[in-house]
Amino acid sequence: ATKLNVFFKDRQITSVICYDHEAVLVANRLHLDKPIPIIAMMHNSPDAILKNINKAGIKEENKVAVHQVLMPSYVNKARKYLSTDICYIPNVVQTNDRTLQENSNTIISIGRLDPLQKRTDILIKSFGKIFRLYPDWKVYIYGKSDISNQNYEKKLRQLINELHLNDQVFLCGTTSSVMSVLCKADIFAFPSAYEGFPLALTEAMSVGLPSVGFRNADGVNELIHHNVNGILCNDGVENFARGLSILMDSRELRKKLGNKAKEDMNQYKPNRVWDTWEKLICTYATKE
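Everything numeric in this text was worked out from a predicted model, so none of it was measured.

A. Looking closely at the overall build of the chain. From N to C terminus, the chain includes 13 helices and ten strands. Each principal axis of the C-alpha atoms in the chain carries an extent, and together these give about 70 × 40 × 35 Å. Put simply, the chain has 288 residues, and 50% of those count as buried. Of the contacts made within the chain by residues no fewer than 6 positions apart, 69% connect residues no fewer than 24 positions apart.

B. Structural context of the sheet that holds strand 4 (residues 85-88). A sheet is described by the order of its strands in space; here four strands give the open sequence 1-2-3-4, paired in parallel fashion. For this open sheet the edge positions go to strand 1 (16-18) and strand 4, each flanked by a neighbour on one side alone. For this sheet, the mean angle separating the axes of adjacent strands, direction not counted, is 25 degrees. Relative to strand 4, strand 3 (residues 66-69) runs parallel, the two sharing four bridges. From the neighbouring strand, H67 faces strand 4, where its bridge partner is I86.

C. Structural view of the pattern of salt bridges. Scanning the model with the defined rule gives 13 salt bridges in all. E195 is the partner of K118 in a salt bridge, and the nearest nitrogen-oxygen pair spans 2.7 Å. Taken as a pair, K118 in the loop between strand 5 (106-110) and helix 6 (120-130) and E195 in the loop between strand 8 (187-189) and helix 9 (199-206) lie far apart in primary sequence, 77 residues in all. Judged by its relative accessible area of 5%, E195 falls in the buried class. K144 is the partner of E153 in a salt bridge, and the nearest nitrogen-oxygen pair spans 3.2 Å. Since its relative accessible area comes to 41%, K144 is described here as partly exposed. Through salt bridges with shared partners, a single ionic network connects R29, E60 and K63.

D. Summary view of empty space enclosed by the protein. Scanning the entire structure with this criterion turns up one cavity of 30 Å³ or more. Here the largest cavity is characterised by a volume of approximately 90 Å³. Taken together, 13 residues line the largest cavity, and the ones lying closest to its centre are S109, I110, G111, K118 and T120.

E. Quick look at the nonpolar core. Judged by nonpolar contacts, the single largest core of 70 residues is most densely connected at F127, F188 and L244. With residues up to four places along the chain from it excluded, the contact list for L244 reads I107, L123, S126, I130, I187, A189 and V212. Judged by nonpolar contacts, the second largest core, of eleven residues, contains I13, C18, V24 and A27.

F. Looking closely at the side chain of D114. Mapped onto the elements, D114 comes out in the loop between strand 5 and helix 6. A polar side-chain atom of D114 sits 3.4 Å from the main-chain amide nitrogen of L116.

G. Examining helix 9 more closely. Within helix 9, six of the eight residues are buried, leaving the element largely enclosed by the surrounding structure. For helix 9, the full list of buried residues reads A200, L201, T202, A204, M205 and S206. Looking at the residues trailing helix 9, positive phi occurs at G208, about 95 degrees.

H. Region of interest: a nonpolar patch on the surface. Together, L4, F7 and V26 make up a nonpolar patch on the protein surface, roughly 230 Å² of accessible area in all. Relative to the elements of secondary structure, F7 occurs in helix 1 (residues 2-8). The class for F7 is partly exposed, based on a relative accessible area of 45%.

I. Main features of the packing of helix 6 against helix 7 (residues 150-162). As a packed pair, helix 6 and helix 7 sit with axes 10 Å apart at the nearest point and diverge in direction by 0 degrees. Viewed along their axes, helix 6 and helix 7 adopt a mutual orientation that is roughly parallel. On the side of helix 6, the interface is formed by T120, D121, I124 and K125, while helix 7 contributes Y152, L156, L159 and I160. When the residues that make up the contact of helix 6 with helix 7 are grouped by side-chain class, the tally is five nonpolar, one polar and two charged.

J. Molecular detail of the pairing of strand 5. Counting buried positions over the five residues of strand 5 gives five, a clear majority of the element. Both faces of strand 5 are covered, namely the face carrying T106, I108 and I110 and the face carrying I107 and S109. Following the chain from strand 5 across helix 6 to the adjacent parallel strand 6 (residues 138-142), one finds a crossover that is right-handed. Relative to strand 8, strand 5 runs parallel, the two being bridged by two bridges. Its bridge partner lying in strand 8, I108 is registered against F188.

So, how was this worked out
Residues numbered from 1 in each chain as written. Predicted model: local features only at pLDDT ≥ 70, side-chain atom pairs only at ≥ 80, totals over all residues. Heavy atoms only, no water. Helix = DSSP H or I, 4+ residues; strand = E, 2+ residues; numbered from the N terminus. Buried < 20%, exposed > 50% of the residue type's maximum accessible area, 1.4 Å probe, protein only. Contact = heavy atoms within 4.5 Å. Pairing = 2+ DSSP bridges. Axes fitted to C-alpha atoms, helices over the stretch in contact; angles between N-to-C directions. Salt bridge = Lys/Arg side-chain N within 4 Å of Asp/Glu carboxyl O. 1 Å grid on protein atoms, 1.4 Å probe; cavity = no way out; pocket = protein on both sides within 12 Å on 5 of 7 lines; lining within 4 Å. Points joined across faces, edges and corners; volume = space filled by probe spheres on them. Core = buried A, V, L, I, M, F, W, Y, C linked by side-chain atoms within 4.5 Å. Polar contact = N/O pair within 3.5 Å; in protein donor to acceptor, adjacent residues only side chain to side chain. Patch = residues over 30% accessible without salt bridge, like charges linked within 9 Å, V, L, I, M, F, W, Y side chains within 5 Å. Areas by Shrake-Rupley, 256 points an atom, 1.4 Å probe, with all protein chains shown as cover. Parallel < 35°, antiparallel > 145°, perpendicular 65-115°, else oblique. Nonpolar A, V, L, I, M, F, W, Y, C, P; charged D, E, K, R; others polar. Right-handed = clockwise from strand over helix to strand, strands pointing away.

Quick look at the structure:
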């Protein structure tokens, strides 16, 4: 805060945007010449973020002018904790005109390898239930574990070996060509327990991939609409395996749901999102 006070001195600041809770704590301690509205971004479900913040932390959050949330349902969820204004603004999704290489018999998953939120093991276990019925299908999993979960990656490799999936399930590490690998797939698998606004999922949808996710997963269940642009399952390995099978069994259904998924991503075009941000910033700068 001290360094920022020096930086802000004699500058014309109309608002401060905070990326997370720690940034809010810093912003609340700035000594500015006049009151400046603070806009706090919330990059996950309000329940995932705010339920673990103590009363003192919530008090700090309630000093800001407005909180931005990523999904419509998050407005009411945030109001359980906060007395500030709440504004819904989603992330940007770049629409693109890439062509899918259909019928490659490929399932893809992209995301951090993580046992609590991303739950990569559920995908592997689910495919393990059905792989003998689909000998021509393969699963490519892109992502790495963070430092705190390095053992999880080793456990995933052991799981693949134990389930005799070495010829069909592959841990591919990271890629700098996300769109290219998405376009080579038929299905996007996303077994997360919860999300904020999952960019990997929206990128998959933007190229026309139908996705499988969980009905009770925040963020996921507002992007995937069951039997409209993807498949939503009740939680659990058996249910996820069934969801995958529904799409694996029907090229026509994959195409129908994928086309609708691509269409649905138009609402998150950059100009729409940036215009909403501009209106929000101008509104609160004027209000102060």
